[in-house]
Amino acid sequence: MSMTVHGAVAAGETVTYWVIYDDGSTGLIDVTNGEAPILAKPGRLVTEEEYTARLAEIQAEQDRRREEQEAADLARTREDYLALIAAGVPEATARRMSGYTGPAVDPEES
């Protein structure tokens, strides 16, 4: 049986502790010795709700970074595509070489 209550418990019962470390990372620690865990790096024990909220923040930040990277990649491939078209490379070849998959673009319009 897993318990989620902090405090004195009998040895052998599994108790779950949630941690938010000072660097912003998180941890989930299960102990069976009846004692609160000793943290490997600076941080604090938190409630499951605080832990879950921090995980949501981390996921949102990762999603934001991924979207920024995808936008930068699209801009880079479009720029490469346009440079190839301007250099006289056929459109299909320019797409393959640049990796650009967006709509065809007239270099005069950019």
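Data block above holds the structure.
Cut-offs applied
Residues numbered from 1 in each chain as written. Predicted model: local features only at pLDDT ≥ 70, side-chain atom pairs only at ≥ 80, totals over all residues. Heavy atoms only, no water. Helix = DSSP H or I, 4+ residues; strand = E, 2+ residues; numbered from the N terminus. Buried < 20%, exposed > 50% of the residue type's maximum accessible area, 1.4 Å probe, protein only. Contact = heavy atoms within 4.5 Å. Areas by Shrake-Rupley, 256 points an atom, 1.4 Å probe, with all protein chains shown as cover. Core = buried A, V, L, I, M, F, W, Y, C linked by side-chain atoms within 4.5 Å. Phe/Tyr/Trp six-rings, centres within 6.5 Å; stacked < 30°, edge-to-face > 60°. Salt bridge = Lys/Arg side-chain N within 4 Å of Asp/Glu carboxyl O.

Caption draft 1: Local environment of the overall build of the protein. Within the protein, the regular secondary structure consists of two helices and four strands. Element order for the protein, N to C, with α for helix and β for strand: β-β-β-β-α-α. The proportion of buried residues among the 110 residues of the protein is 24%. Within the protein, contacts between residues separated by at least 24 positions form 25% of all contacts whose residues are at least 6 apart in sequence. Of the roughly 7400 Å² of accessible surface on the protein, 54% is carried by carbon and sulfur atoms.

Caption draft 2: Spatial organisation of the nonpolar core. Tyr81, Leu82, Leu84, Ile85, Val89, Ala94, Tyr100 and Val105 form the largest nonpolar core, which has eight residues in total. No other element matches the four residues that helix α1 (residues 48-86) contributes to this core.

Caption draft 3: Region of the structure containing the packing of aromatic side chains. For the structure on display, the rule yields one aromatic pair. With centroids separated by 4.6 Å and ring planes inclined at 25°, the aromatic side chains of Tyr81 and Tyr100 adopt a geometry described as stacked. Of this pair, Tyr81 sits in helix α1 while Tyr100 sits in the segment after α2 (91-98); the two residues are 19 residues apart in sequence, bridging distant segments of the chain. Each of the two residues, Tyr81 as well as Tyr100, counts as buried.

Caption draft 4: Spatial organisation of the environment of Val46. Within the secondary structure, Val46 sits in strand β4 (residues 43-46). Under the relative-accessibility criterion, Val46 is labelled buried at 4%. Linking Val46 and Ile20, residues 26 residues apart in sequence, is a C-alpha distance of 6.8 Å.

Caption draft 5: Region of interest: the pattern of salt bridges. Within the structure shown, the criterion is met by nine salt bridges. As a salt-bridge pair, Lys41 and Asp23 come within 3.1 Å of each other at their nearest N and O atoms. Of the two residues, Lys41 sits in the loop between β3 (26-31) and β4 while Asp23 sits in the loop between β2 (14-21) and β3, which places them 18 residues apart along the sequence. Lys41 gets classed as partly exposed once you look at its relative accessible area, which sits at 36%. For the salt bridge of Arg64 with Glu61, the shortest nitrogen-to-oxygen distance reads 2.4 Å. In this pair, Arg64 and Glu61 are both assigned in helix α1, three residues apart and thus about one turn of the helix distant.

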